[in-house]
Amino acid sequence: MSAASQIQCRDVSVVFDDAVTAVRDVTFTAAAGEIVSLIGPSGCGKTTLLRTMAGLQSATAGTVTLEPAAIARRGEIAFVFQQPALLPWRTSLQNASLPLQLTSSRTDDPTAALDALRAVRLDDAVDRFPHQLSGGMQMRVSIARALVTRPRVLLLDEPFAALDEMLRNELGQLLLDLWQQYGFTAVMVTHNIAESILLSHRIVVMGNGVVSEIIDNPMPYPRNVDLLRTPQFADFYGHVSDAMRRAAECETNLNTLTKPSNDQRVTSEETFR
Ligand SMILES: Nc1ncnc2c1ncn2[C@@H]1O[C@H](COP(=O)(O)OP(=O)(O)OP(=O)(O)O)[C@@H](O)[C@H]1O
């Protein structure tokens, strides 16, 4: 098993086209082996921050440091997207093997891909093509493909958003099992408060590009979906939900301030300096 890496974001800002500040001075650390959720209103910069952590987007300012270093071309950083994005002409085994063929290992040995498919409980679907799989099974193949290189860091962008609640809980449970087995550090963007509570050690709440709150999750591990029916869960859900509301209100207030009437002619930079 690869050692997990700590991810440290320090004063990270991302500005698009010199005009849109998607992420502003974000600082937080995901400890090695921790699961962290990024939640917040739509458009608050979660995906941009996750892509910056993956090295898919450059930071305009600030740094993202992985310790020990994790190298994407060796598959040490893996990304799971909302859509499974499988190649339709490849079987589950061939899709799960893809990173091994693209990364520096360049191996055709199917053992690691078979192991990853077994871990996501798809032993009996290795020779099926994507169109022969349900949505949940396709997502499992996508997760197997991410894990096949034994990444130190797993970044997930709303991986279960397109699935119904039962399937989402089932795959959440699967992700917890895989985390126990593989020991990666995970950062996951989600809109789903219950999912963030079920899975993560800490919940980073964002609003308007900034981190508005970081909430430690007191629920002990190992966890399973039964947690969702406990009074402690209900209490904590209310707490996270209030933080989300505050982030959304902050977003609304900032938007009001950053959209001045013509006669005010104030830039957002001036407003917040
Ligand atoms: N490539 C880009 N060019 C210009 N603006 C962008 C680009 N990508 C994102 N943005 C803008 O940056 C802001 C943050 O977008 P981002 O996708 O990170 O938010 P998000 O919180 O992930 O949203 P959602 O929850 O809806 O997926 C938005 O205003 C978006 O329009």
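In this text, all values refer to a predicted model and were calculated from it rather than measured experimentally.

## Side note on unusual backbone geometry
Between E67 and the following residue, P68, the backbone shows a cis peptide bond with an omega angle of -5°. Following the sequence through the fold, P68 ends up in the loop between β4 (61-67) and β5 (77-80). With an omega dihedral of 0°, the bond running from Y221 to P222 counts as a cis peptide bond. Summarising the element assignment, P222 is placed in the loop between β9 (210-216) and α7 (231-258). At D18, a residue that is not glycine, the phi angle is positive and equals roughly 55°. Of note, D18 is situated in the loop between β1 (6-16) and β2 (20-30). Looking at D18, the number of C-beta atoms within 10 Å reads 7, which means it is exposed. Notably, E158 is not glycine yet its phi reads approximately 45°, a positive angle. Looking at the secondary structure, you find E158 in the loop between β6 (153-157) and α5 (165-182).

## Topic: the site of the ligand
The immediate surroundings of the ligand are formed by F16, D17, V20, A22, G40, S42, G43, C44, G45, K46, T47 and T48. Counting residues per element, the shell around the ligand draws most heavily on helix α1 (residues 46-54), at three residues. Looking at the shell around the ligand residue by residue, the classes come out as four nonpolar, six polar and two charged.

## Structural notes on the nonpolar core
If you look at the biggest cluster of nonpolar residues, it comprises 67 residues, and the most contacted ones within it are A144, L154, L155 and V187. With six residues, helix α4 (residues 135-147) is the single largest residue contributor to this core. Looking at this core, you find at least three residues from each of domain 1 (6-70 + 152-258) and domain 2 (89-151). Among all residues touching A144, those that are not within four sequence positions of it are A96, A116, L117, A119, V120 and L122.

## Overview of the pairing of β5
Burial along β5 is two-sided: I77 and F79 facing one way and A78 and V80 facing the other are all buried. Here β5 runs beside β6; their pairing, made up of four bridges, is parallel. By the bridge assignment for β6, A78 is matched with L154.

## Topic: the environment of D17
Looking at the secondary structure, you find D17 in the loop between β1 and β2. We classify D17 as exposed; it has 5 C-beta atoms within 10 Å. Separated by 76 residues in the primary sequence, D17 and L93 have C-alpha atoms spaced 40 Å apart.

## Notes on α5
For α5, with 18 residues, the first-to-last C-alpha span of 25 Å sits near the 26 Å given by 1.5 Å per residue. Where α5 is concerned, the buried positions are R168, L171, G172, L175, L178 and W179. Buried residues of α5, seen end-on, are gathered within an arc of 125° and therefore sit on one face of the element. Residues of α5 that are exposed and point over 90 degrees away from its buried face: M166, Q180 and Q181.

## Re the sheet that holds β4
Pairing in this open sheet of three strands is antiparallel, and the strands run β2-β1-β4 from one edge to the other. At either end of the open sheet lies a strand with only one pairing partner, and these are β2 and β4. The sheet shows a mean angle of 15° between the axes of neighbouring strands, taken without regard to direction. Across the sheet, α1 is in contact with β1, β2 and β4; its angle to β1 comes to roughly 120°.

## Considerations on the confidence of the model for the protein
When pLDDT drops low, the exact placement of atoms in the prediction is not to be read closely. The predicted model of the protein averages 88 in pLDDT, with 89% of residues at 70 or higher. Considering each helix and strand of the protein separately, the mean pLDDT is smallest for helix α8 (residues 268-272), with a value of 27, and largest for strand β3 (residues 35-39), with 98. Confidence over residues 257-273 falls short of pLDDT 50; this stretch has six contacts with residues more than four positions distant or in other chains. Two numbers describe this predicted complex: its pTM, 0.89, and its ipTM, 0.98.

## Observations regarding the packing of α4 against α5
Look at α4 against α5: their axes get within 11 Å of each other, and the N-to-C directions meet at 20°. With respect to α5, the axis of α4 lies roughly parallel. Relative to α5, the crossing made by α4 is right-handed. For the pair α4 and α5, contact is made by G136, M139 and L147 and by L167, L171, L178 and Y182, respectively. A per-class count over the contact of α4 with α5 returns six nonpolar, one polar and no charged.

Analysis parameters
- Residues numbered from 1 in each chain as written.
- Predicted model: local features only at pLDDT ≥ 70, side-chain atom pairs only at ≥ 80, totals over all residues.
- Helix = DSSP H or I, 4+ residues; strand = E, 2+ residues; numbered from the N terminus.
- Buried ≥ 20, exposed ≤ 12 C-beta atoms within 10 Å, placed from the backbone.
- Near = placed C-beta within 6 Å.
- Nonpolar A, V, L, I, M, F, W, Y, C, P; charged D, E, K, R; others polar.
- Core = buried A, V, L, I, M, F, W, Y, C linked by C-beta atoms within 7 Å.
- Domains from an automatic or database assignment.
- Contact = placed C-beta atoms within 7 Å.
- Pairing = 2+ DSSP bridges.
- Expected span 1.5 Å × (residues − 1).
- Arc of directions from axis to C-beta.
- Axes fitted to C-alpha atoms, helices over the stretch in contact; angles between N-to-C directions.
- pLDDT = per-residue confidence, 0-100.
- Parallel < 35°, antiparallel > 145°, perpendicular 65-115°, else oblique.
- Left-handed = near helix turned anticlockwise from the far one by under 90°.

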